[in-house]
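Residues per chain, in single letters:
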Amino acid sequence: MKRRDFLLALLALLALWQVLAWLVNQPILPDPWRVFGALIQETLSGDLPIHFLASLWRVVASTLLSILLAAPAGLVLGQSQRLNRLFTPIIYLLYPIPKVVFVPVLLLFFGIGDLSKILVIFLILFFQILVLVRDQAAALRPELILSVRSLGAGRRALFRFVYLPASLPGILTALRQSIGTAVAVLYVAELFATRVGLGYYIYFQGSTLLNYPAMYAGILAMSFLGLGLYFLVDGLERRLCRWQVR
Amino acid sequence: MLEFRQVTFQYRHGAPLFLNFNWRVEKGDAWAVLGPSGCGKSTLLALAAGLLFPTQGQVLVEGQPLTRPRPHTGLIIQDYGLLPWATVRENAALGLRVRNLYGADGIHAPKDYVPRTDVTHWLERLGLLEVAGHFPAQISGGQRQRTAIARTLALEPDLLLMDEPFSSLDAPTREGLQSLVMELWADQHLTLVLVTHAIEEAAMVGKRILVLGNPPNTQALVLDNPGAGEAHYRATPEYQAICQFLREALNRT
Ligand SMILES: Nc1ncnc2c1ncn2[C@@H]1O[C@H](COP(=O)(O)OP(=O)(O)OP(=O)(O)O)[C@@H](O)[C@H]1O
Ligand SMILES: [Mg+2]
């Protein structure tokens, strides 16, 4: 995708928004300029940044947690047929369950703090990463490992030169595919029992304060969060997995 | 250089592939190991490389029993040996980077090892400079095999073990690489062991030929083939006779 096409698409969407705002002509759909004004104002003098950072922290923390736990587990399952046979039915059952239904359960168990929100996203990312890394690790030929070992590689070098690069594409693909879902589920989780986070902010501005421009500013902030993370992962994937993309 | 002394080996649930097997490779030899599929050729190399260990008996290199892969032994296998996510240059430098990671510890790298990563010399020698930035999936089978050779030679081995390195290549590429290997064998003072199931390849490369039969292998059948490696050997009656002999030996097993 060219940068110019990207900008054109952005302009077209803004124009569409503007036209809709004119047609609807009601406070529940302010035009882009008022929303951007509110966004700047809420960022400079309101507490939007605090909510943004709270959401960002939850996404980043749960992403790191899921990578740290799922990638090694995926590597182990991919390399050991016996363990994989043991766990495949369990994963098969758990993988398709929409994790968002666990929000109330996690709130009951882990309370209203950050932990319950982090765990919801973790559940989504964990299985996605686990499955993709496992499949990539299973595709590693034993001959490849042997031949790298014959170059003098012990456990440390195998990790650095084989297992780590072998699990990267799985991790990044999983993140690219599910970061959007993760942010959506974060929104839902933040509607419950919390006073910080973009989900709470959007809900509070819209239904309690009836400050619609600020509500849309919150929606924009949440979109930037999702988009920014997506672009980051996509860029990393392009840079680090050149051998696969072509 | 390399010695199998009363070696018995079997995989965990298998029958023995080798039973009290003896074999000696002298320094500077060029050996071909020939045998039918499943006779244990790859296993023999893995034992020689220190990747597998005998159930009984000993495998010695320079008089020392092997306990792990030895820094001065190079192993090249058919396909699958290159990292798909690394370029030709990075693959060729992999052994050096592994060594740099550990330093000159005498286990993963020789004690006198000086850290380096430049493999340009070897890429040039093997005609790989133009594809140095390509990934393995983007180059030909012959180029992949040459990358594997560059990677191993960059480590300056004295013992080079090759497991059917050319079996997936077309005839002209294969013959080109066979001559290249013999050239490298001569000017790098290598000891060479090349495993193959092709009679012609064994006769072209092996100054001595070890013929393995259906397991268990006990007695090594060894054939001298002094003309191997010379430019026009393929056209001589000696070559024809050796091939004929090998064909009969293989049929008997
Ligand atoms: N990791 C392993 N575990 C159990 N059995 C194995 C293993 N690797 C090989 N074998 C068995 O040992 C026997 C010898 O295998 P090996 O790979 O050494 O044969 P080979 O002579 O190299 O055959 P080919 O010409 O087909 O490569 C075969 O019957 C094979 O099935
Ligand atoms: Mg084999």
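Source: prediction; values computed, not measured.

(A) Highlighting the site of ligand 1. Residues and elements named next belong to chain B. The local shell around ligand 1 consists of Tyr11, Leu17, Pro36, Ser37, Gly38, Cys39, Gly40, Lys41, Ser42, Thr43 and Glu164. In this structure, an oxygen atom belonging to ligand 1 sits 2.5 Å away from a side-chain N or O atom of threonine 43. Alone, ligand 1 offers 640 Å² of accessible surface; in the complex the protein occludes 53% of this. Within the shell around ligand 1, the residues separate by chemical class into four nonpolar, five polar and two charged.

(B) Summary view of helix H2 (residues 32-44) of chain A. Helix length check: H2(A) (13 residues) gives 18 Å between terminal C-alpha atoms against 18 Å at 1.5 Å per residue, within 8%. Those residues of H2(A) that are buried lie in contact with helix H1 (3-24), helix H3 (48-79), helix H9 (198-208) and helix H10 (212-240) of chain A.

(C) Structural view of unusual backbone geometry. Residue and element names in this part refer to chain B. With omega at 0 degrees, the peptide bond leading from proline 215 into proline 216 counts as cis. Looking at the secondary structure, you find proline 216 in the loop between strand S9 (208-211) and strand S10 (221-224). Positive phi, close to 45 degrees, is recorded for asparagine 20, a residue that is not glycine. Looking at the element boundaries, asparagine 20 is found in strand S2 (residues 18-25). For asparagine 20, a relative accessible area of 40% gives the class partly exposed. One non-glycine residue, histidine 189, lies in the positive phi region at around 55 degrees. Relative to the assigned elements, histidine 189 resides in the loop between helix H6 (171-187) and strand S8 (191-196). In this structure histidine 189 comes out as exposed when scored by relative accessible area, which is 66%.

(D) Just the environment of B:Trp85, in detail. Structurally, B:Trp85 can be placed in the loop between strand S6 (73-77) and helix H2 (88-92). Through-space distance from the C-alpha of B:Trp85 to that of B:Phe135 is 6.8 Å; in sequence the pair is 50 residues apart. Those residues in contact with B:Trp85 that sit more than four places away from it in its chain are A:Leu140, A:Phe161, A:Val162, A:Pro165, A:Ala166, A:Trp243, B:Glu90 and B:Phe135. Only 3.4 Å separates the side chain of B:Trp85 from the backbone oxygen of A:Phe161, close enough to count as a polar contact.

Definitions and cut-offs
- The residue count restarts for each chain, going from 1 along the sequence in the order it is written.
- To read the labels, note that chains go from A and ligands from 1, taken in the order they are written.
- Restriction of local features to residues with pLDDT of at least 70 applies here, the model being predicted, together with a cutoff of 80 or more for giving and counting side-chain atom pairs; totals for whole chains, interfaces and linings are based on all residues.
- Side-chain figures throughout are based on the complete set of non-hydrogen atoms in the structure, without hydrogens or water.
- Whether a residue is near a molecule or strand depends on its heavy atoms: it is near if one of them lies within 4 Å of it.
- Side-chain atoms alone can form a polar contact between residues adjacent in sequence; in general such a contact is a pair of N or O atoms within 3.5 Å, and within protein one must be able to donate a hydrogen while the other accepts it.
- Exposure was quantified through the Shrake-Rupley algorithm and a 1.4 Å probe, taking into account, for residues, occlusion by the shown protein chains and nothing else.
- The nonpolar class holds Ala, Val, Leu, Ile, Met, Phe, Trp, Tyr, Cys and Pro. Asp, Glu, Lys and Arg form the charged class, and all remaining residues, Gly among them, are polar.
- By the criteria applied, helices consist of DSSP H or I runs no shorter than four residues and strands consist of E runs no shorter than two, each listed in order from the N terminus.
- The span expected for a helix works out to 1.5 Å for each residue beyond the first.
- Whether two residues are in contact is decided by their heavy atoms: any pair within 4.5 Å suffices.
- Burial status follows relative accessibility: with a 1.4 Å probe on protein chains alone, a residue under 20% of its type maximum counts as buried, one over 50% as exposed, and anything between as partly exposed.

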